[in-house]
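# Observations on the model geometry
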Amino acid sequence: VVNGTATAADSNVAGFRVFPNPIREGRATVEFEAGGGHVQVLVFDTTGREVLRPLDRVVPRGKQQLALDLSHLAAGAYYCHVQEGSRVSTRLVAVE
């Protein structure tokens, strides 16, 4: 029976992680499983202001890795956000 509700697994971006975390050298890697569509990777500060948009394009299906250069950001907490269609995931990252 289909009732129209999506599970968390259906609405999250599979395999999404940011490493290392905390980020000590100003560089990190974002990894996720793409479904083969338009993907946005965004970084926000704690006020919700976008500080970086390293990816905003169609990517092929499969495992994706994206290098992040966060060396221009002040030390603190940030949110790394990945969206592909209706699938969305966000991770808190610490820049030291």
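The coordinates are above.
Residues numbered from 1 in each chain as written. Predicted model: local features only at pLDDT ≥ 70, side-chain atom pairs only at ≥ 80, totals over all residues. Heavy atoms only, no water.

Further remarks concern the overall build of the chain. The secondary structure content of the chain amounts to one helix and seven strands. N-terminal to C-terminal, the α/β element order of the chain is α-β-β-β-β-β-β-β. Once the C-alpha set of the chain is aligned to its principal axes, its extents read approximately 50 × 25 × 20 Å. Counting across all 96 residues of the chain, residues that qualify as buried make up 39%. Long-range pairs, those at least 24 residues apart, make up 54% of the contacts in the chain with a sequence separation of at least 6. A total of about 5700 Å² of accessible surface is found on the chain, and carbon and sulfur atoms cover 51% of it. For the chain, the separation between the mean place of its 10 positive charges and that of its 10 negative charges on side chains is 3 Å. (Helix = DSSP H or I, 4+ residues; strand = E, 2+ residues; numbered from the N terminus. Buried < 20%, exposed > 50% of the residue type's maximum accessible area, 1.4 Å probe, protein only. Contact = heavy atoms within 4.5 Å. Areas by Shrake-Rupley, 256 points an atom, 1.4 Å probe, with all protein chains shown as cover. Lys, Arg positive; Asp, Glu negative; His and termini not counted. Charge placed at Lys NZ, Arg CZ, Asp CG, Glu CD.)

Here the focus is the sheet that holds strand β7 (residues 87-95). If you trace the four strands from one edge of the open sheet to the other, you get β4-β3-β6-β7, paired in antiparallel fashion. Of all the strands in the sheet, just β4 (50-58) and β7 have a single pairing partner and so form its edges. Pairwise comparison of adjacent strand axes, ignoring direction, gives a mean angle of 15° for this sheet. With seven bridges joining them, strand β3 (residues 38-45) and strand β6 (residues 76-84) adopt antiparallel strand pairing. Paired with Q40 across the two strands is Q83, which belongs to β6. (Pairing = 2+ DSSP bridges. Axes fitted to C-alpha atoms, helices over the stretch in contact; angles between N-to-C directions.)

Interpretation note: all reported values are geometric properties and have no functional meaning in isolation.
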